[in-house]
Each structure stands twice: as C-alpha cells, then as structure tokens.
Amino acid sequence: MIKIMADSTCDLSKKIVEKYNIGVAPLNIIISGTTYRDKIDIETDEFFKILPTLEELPTTSMPSPEEYLKIINKAIEDGYKEILCICMSSGTSGSYQSAVLAKDYFFENNPNSTVKIYVVDSLSMSHGSGWLILKSAMLLESGYSFDELIQFNENYKTRVKHFLCVDDLNNLIKSGRLTNASAFIGKLLRVKPIMSMKKGKGAIVAKERGRNRVFKFYIDEFIRRVDNEITDFVIIGYTSDMNIAKDLAEKIRLETDFKDEIYIMQMGAAVGTHVGLGGLSMFFVEKEHLKDGLVKNEIRSIKNKKDELIEKIRG
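Along every chain, residues carry numbers that run from 1 in the direction the sequence is written. Given that this is a predicted model, residues contribute local features only at a pLDDT of at least 70 and side-chain atom pairs are listed and counted only at 80 or more, while totals for whole chains, interfaces and linings are drawn from all residues. Side-chain numbers come from the whole structure's heavy atoms, not from hydrogens or water.

Side note on the packing of aromatic side chains
The geometry of an aromatic ring pair comes down to the distance between the two centres and the angle between the two planes. What counts, and what does not: Centres within 6.5 Å are what make two rings of Phe, Tyr or Trp a pair, Trp counting through its six-membered ring; a difference in plane orientation under 30 degrees is then read as stacked, over 60 as edge-to-face, and the rest as tilted. When accessible area is computed with a 1.4 Å probe and restricted to protein chains, residues below 20% of their type maximum are described as buried, those above 50% as exposed, and intermediate ones as partly exposed. Secondary structure elements are taken from DSSP: a helix is a run of H or I of four residues or more, a strand is a run of E of two residues or more, and numbering for both begins at the N terminus.
Tallied over the entire structure, the rule returns ten aromatic pairs. With a centroid separation of 5.2 Å and 75 degrees between ring planes, the pair formed by Phe 106 and Phe 107 is classed as edge-to-face. Residue classification places Phe 107 among the partly exposed positions, given a relative accessible area of 24%. For the pair Trp 131 and Phe 233, a centre-to-centre distance of 4.5 Å together with 20 degrees between the ring planes defines the contact as stacked. Taken together, the positions of Trp 131 in helix H5 (residues 127-141) and Phe 233 in strand E11 (residues 233-238) put the pair 102 residues apart, joining distant regions of the chain. Phe 233 matches Trp 131 in its accessibility class, with the two residues each being buried.

And the structure:
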C-alpha cells in the first residue's frame, strides 16, 4: 500500500484530499500574535474576510517535523509500506527540509523498518505541487508502483507551469515578494504582474493592463505551451473571488481545444497571506521546460500587437 503525503500549501480541495486519503501537514499562520494551523484552525473564507482589516500582514511558518511524523506513523499503523511525500518548493519554504528531517528521524528510531519513504521537492507553489499530488493519486489508482510514481514526479516537476496574477500588490510588497520599484511602476501604470516559478522561486514574467489582457496572456501561453498528452486536467486557483476563476475556465473551454477536466480550487491562508485578495492562478504541464521572462514576454507582446494592427489595417 502506498500513502501520499503533502503540506497544506498544495491547496487541494477537501473533497480531493478525502477521496485519495492524502495526508496533509499544515503550515502555521500567525495573525496578530496568534498561531493557526492552515485549513484546520481557520477557514480559508474567514481568513480572506479578515485579511483587509489587519494592520500587520500575517506571517507563516513551515510544518514541524513532528507534524510529518504523525502522518508517517499513522500511515504505518494503517498498513502502508510505502510513503510518497510531495512538498512545496525548497526555494520558498523549509517545508521540504522539515519532511526530510521527519524521514531521517523515523529511520534513526526504526533502523530495521522495511517501510520506504521518499520526499519530493516539487519546485512548485500552491496548486503546482497540488497538480503533481493529484496526478500521482490518479496514477496510483490506475496501478502505478511506488518507483513509477517517484520517477513521474522527478521527470515532470520542472514542467508544471505556474501562472499567478494578483489584483493588489500590497501583500507582495509587504512580504518582500516584489521590489518597491516594480510595485511603484505597477501601481502607477495600473499594471498587473504575472508570476511564474524559476528554479524553485517566484519571478515576474509578464505585466498586463487589466483583467482581459491577463486572461488573453493566460490563454495564449496555455495554447503555446500545454502538453496535451500529460495534461488531462488543469487547476485554476483563486483567493477571494471565485467568479474570475470561473471566467478563466470558461475562456479555456471556448478558446482552446482542451476538453478535459478543469478544477477550480481556492488558495489557502498560507499561500493567500502572500498573494492577497483577487489572486488568480493556472497550472498545467508544458510540452518542454520553456524558458520565459519579463523581457521575452514583453517583446512577444509587442510583436503580437503589431501583427494584430497589421491584420486590422489589411482587413
């Protein structure tokens, strides 16, 4: 029997977690001096309601090794012999290191154990690691072995494409996720930064004016990048406004050839602390690990606008 574990930043819905019996180690959110366990002590909708009223931005901390050990020990008690733990990127949190410490501690105290434990550094955030976890659960259900699941995660984790856009830059500024210069320009020009992951850390890869331009960027990049053989579902994430996530899902259905499942899931408090209100994300697997960046995407955007203008003149 194989047990799949994660940390709470995977942001998978309660329905998915329960369906596949995924063990989840909660991150901690510290709000005005009080510590809450993500998705246990505080509901996500409740968190986003109080977030705008707080004078100081909440802080987060990784799950302790003890939290992972609880899941490991319970899994073994329940008869599991192989445990696959998929964590958020080690470049953004100590969650991966905490899981490794738990694994090492377990074998130090159980040197003769035949249980197998493997910890994956997903190099992803939020539903990026969530995509790998959900796909792994599906593959396990279809008959994949422990070694095959490990190989899948290590082979595809760099190809899980992230896009994240925020409505308000304040949380990114306060949490140090965006430079003051970039934030100033973004506010001045009413530009929405679009972020992705680079080498396990968040990076701005594009800037668009207005939600419609953000939608267009998401759709264009999805069409250009998606690996249709591997991507049999897309995850769209949101923080405080489900309607924008539904709008994006509808555009994917209408403007692309993608016909498979589109999951809409809310980001939890641990991720939402840094993203803030109005966050919108999208996750899928790309055909290959395509490099991107702010300059490259802006040059491509200028070229596309030029082509559109020429078509209108000709038309």
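Some words on the pattern of salt bridges
As a reminder of what qualifies: By definition here, a salt bridge exists when the distance from a side-chain nitrogen of Lys or Arg to a carboxyl oxygen of Asp or Glu is within 4 Å.
Using the criterion set out here, one finds 13 salt bridges in the structure. The partner of Lys 135 in a salt bridge is Asp 232, and the shortest N-O contact between them spans 2.8 Å. Here the residue Lys 135 occupies a position in helix H5, and Asp 232 occupies one in the loop between helix H9 (211-225) and E11, the gap between them amounting to 97 residues. On the accessibility criterion, Asp 232 (31% relative accessible area) is partly exposed. The partner of Lys 216 in a salt bridge is Asp 220, with the nearest N and O atoms 2.6 Å apart. Here Lys 216 pairs with Asp 220, and both are found in helix H9, just four residues apart, close to one helical turn. Under the relative-accessibility criterion, Lys 216 is labelled partly exposed at 30%. Overlapping salt bridges bring together Glu 221, Arg 224, Arg 225 and Glu 286 as one network.

A word on the sheet that holds strand E4 (residues 34-37)
Hydrogen bonds along the backbone pair up the strands of a sheet, which may run parallel or antiparallel. Selection criterion: Two strands are said to pair when DSSP picks up at least two bridges between them. Lines fitted to C-alpha atoms define the axes, with helix axes restricted to the stretch in contact, and inter-axis angles between N-to-C directions lie between 0 and 180 degrees.
Spatially, E4-E3-E5 is the arrangement adopted by the three strands of the open sheet, whose pairing is antiparallel. If you trace the sheet from one side to the other, it starts and ends with E4 and strand E5 (59-61), each paired once. In this sheet, neighbouring strand axes are inclined to one another by 30 degrees on average, regardless of whether the strands run parallel or antiparallel. Relative to E4, strand E3 (residues 28-31) runs antiparallel, the two sharing four bridges. The residue of E4 that forms the bridge with Ile 30 is Thr 35.

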